[in-house]
Amino acid sequence: MAQRRMFSRQLVESDRFSDMSPTARLLYFYLGLSADDDGFVDGVRRVQRSMGASEDDIKVLIAKGYLITFDDGACVLTRWRLDNTI
């Protein structure tokens, strides 16, 4: 897995992102650090619990369109290609 990740200033400074709670924003960053090279994260709940986020934070990321979850517990960050392309 790659050791470097990027987050677009356009994302981080947007009103849509800023309107989320600090823990939802932090969860997004932690998920980004845990993602594979295609933006998939296995163990979303583990990441969520390890940094003190709530279930509601995951729901906010889904509702805002930053995260898609799957029945097997994995998820994908929807902006992955935008944020991790130079």
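Keep in mind it's a predicted model, so treat the numbers as computed, not measured. (Residues numbered from 1 in each chain as written. Predicted model: local features only at pLDDT ≥ 70, side-chain atom pairs only at ≥ 80, totals over all residues. Heavy atoms only, no water.)

## Overview of the sheet that holds strand S1 (residues 40-41)
What counts here: Strand pairing is assigned whenever DSSP identifies at least 2 bridges connecting the two strands. For helices the rule is a DSSP run of H or I covering at least 4 residues; for strands it is a run of E covering at least 2, with both sets numbered from the N terminus onward.
With respect to topology, three strands assemble into an open sheet ordered S1-S3-S2, the strand pairing being antiparallel. Of all the strands in the sheet, just S1 and strand S2 (67-69) have a single pairing partner and so form its edges. As paired strands, S1 and strand S3 (residues 75-77) are joined by two bridges and run antiparallel to one another. The residue bridging Phe 40 from the neighbouring strand is Val 76, located in S3.

## Thoughts on the nonpolar core
What counts here: Here, the term nonpolar core denotes a set of buried Ala, Val, Leu, Ile, Met, Phe, Trp, Tyr and Cys residues that are joined through side-chain atoms within 4.5 Å. Partly exposed describes any residue whose relative accessible area lies between the buried limit of under 20% and the exposed limit of over 50%, with all areas from a 1.4 Å probe on protein chains only and scaled to the type maximum. Note on contacts: a residue pair is in contact if any heavy atoms of the two residues lie within 4.5 Å.
Counting 20 residues, the largest nonpolar core has Leu 27, Tyr 28, Leu 31, Leu 61, Tyr 66, Leu 67 and Leu 77 as its most contacted members. Secondary-structure elements contributing two or more residues to this core are helix H3 (22-34), helix H4 (44-50), helix H5 (55-63) and S3. Element by element, the count of residues in this core is highest for H3, at four residues. Residues in contact with Leu 27, not counting those within four places in the same chain, are Val 47, Gln 48, Met 51, Ala 53, Asp 57, Ile 58 and Leu 61.

## Notes on a nonpolar patch on the surface
Convention followed: Patch rule: a residue counts if its relative accessible area is over 30% and it has no salt bridge; like charges are joined within 9 Å, and nonpolar side chains (Val, Leu, Ile, Met, Phe, Trp, Tyr) within 5 Å. For the area figures, the Shrake-Rupley method with a 1.4 Å probe applies, and any residue is considered shielded solely by the protein chains shown. Any carboxyl oxygen of Asp or Glu that lies within 4 Å of a side-chain nitrogen of Lys or Arg is treated as forming a salt bridge with it.
Residues Phe 40, Ile 68 and Phe 70 make up a contiguous nonpolar surface patch of about 270 Å² in total accessible area. Note on Phe 70: relative accessible area 38%, which makes it partly exposed.

## Structural notes on the side chain of Arg 79
Residue placement: Arg 79 occurs in the loop between S3 and helix H6 (80-83). Those residues within four positions of Arg 79 in sequence are excluded, and the remaining contacts are Ser 8, Leu 11, Tyr 28 and Tyr 66.

## Quick word on the environment of Asp 36
The line we're drawing: Here a polar contact is recorded for every N or O atom pair within 3.5 Å, except that within protein the pair must consist of a potential hydrogen donor and a potential acceptor, and residues adjacent in sequence are included only if both atoms are side-chain atoms.
Its place among the elements puts Asp 36 in the loop between H3 and S1. Distance in space between the C-alpha atoms of Asp 36 and Leu 26 is 18 Å, their sequence separation being 10 residues. Side-chain polar atoms of Asp 36 contact the backbone nitrogen of Asp 38, separated by 2.8 Å.

## Side note on the packing of aromatic side chains
Definition in use: Any two rings among Phe, Tyr and Trp, with Trp reduced to its six-membered ring, count as a pair given centres within 6.5 Å; such a pair is stacked if its planes are under 30 degrees apart, edge-to-face if over 60, and tilted if neither. Placement of a positive charge over a ring is assigned whenever Lys NZ or Arg CZ falls within 6 Å of the ring centre and within 35 degrees of the normal to the ring plane.
In the structure shown here, the tally under the stated rule is eight aromatic pairs. Three or more aromatic residues joined by ring pairs make a cluster, and in this case those are Phe 7, Phe 17, Tyr 28, Phe 29 and Tyr 66. Note that Arg 16 overlies the ring of Tyr 66, its terminal NZ or CZ placed 4.5 Å from the centroid.

## Topic: the environment of Arg 46
Relative to the helices and strands, Arg 46 is located in helix H4. Judged by its relative accessible area of 48%, Arg 46 is partly exposed. Along the backbone, Arg 46 and Val 76 are 30 residues apart, and their C-alpha atoms lie at a distance of 15 Å. Engagement of the side chain of Arg 46 in a polar contact is seen with the backbone oxygen of Asp 42, the distance being 3.3 Å.

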